[in-house]
Amino acid sequence: MALEFKTLQPSEYYKKYFEQKIRPDGRGLWDVRPTAINIGTLHNADSSALVRLGNTTVVCGIKLEMAAPKSDEPKKGYLVSNIELSPLCAPHFRQIGRASCRERV
């Protein structure tokens, strides 16, 4: 019943909790979830972190590769970012190719 109310009337659902000064999970408005951060968790990355916030876990890894700039643009380079998300992150998630994530620096 509560799930249907939350889905059909989200404003009213959250307003009910806000008036009681609590969140739907029972925490106070200013209470934070237990947080843990571990760095250097991925040994095949140049830098990495594992962050836990309540029941949510996020892993981040960074790889860096240096390359010489093109001879016709010696002061410019590229920064290539790649993000990999599980399809469970969002129902509308879809894989995006690497080329679309490139940004000129």
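Residues numbered from 1 in each chain as written. Predicted model: local features only at pLDDT ≥ 70, side-chain atom pairs only at ≥ 80, totals over all residues. Heavy atoms only, no water.

Novice: Mind laying out the side chain of Arg27, listing which residues take part and the relevant values?
Specialist: Counting through the fold element by element, Arg27 comes out in the loop between α2 (10–19) and β1 (35–39). What makes Arg27 buried here is its relative accessible area of 16%. Among the polar contacts listed, one links the side chain of Arg27 to the side chain of Asp25, at a separation of 2.7 Å. A distance of 3.0 Å separates a polar side-chain atom of Arg27 from the backbone oxygen of Asp31. Ignoring any residue separated from it by four or fewer positions in sequence, one finds Arg27 in contact with Ile22, Val32 and Arg33. (Helix = DSSP H or I, 4+ residues; strand = E, 2+ residues; numbered from the N terminus. Buried < 20%, exposed > 50% of the residue type's maximum accessible area, 1.4 Å probe, protein only. Polar contact = N/O pair within 3.5 Å; in protein donor to acceptor, adjacent residues only side chain to side chain. Contact = heavy atoms within 4.5 Å.)

Novice: A description of the sheet that holds strand β3 (residues 56–62) should follow, citing residues and the corresponding values.
Specialist: In space, the three strands of this open sheet follow the order β1-β2-β3, with antiparallel pairing throughout. The sheet is open, and its two borders are formed by β1 and β3, each paired with just one other strand. Shown here is a sheet whose adjacent strand axes are inclined to one another by a mean of 10 degrees, direction ignored. Bridging between strand β2 (residues 47–53) and β3 involves seven bridges; their strand directions are antiparallel. (Pairing = 2+ DSSP bridges. Axes fitted to C-alpha atoms, helices over the stretch in contact; angles between N-to-C directions.)

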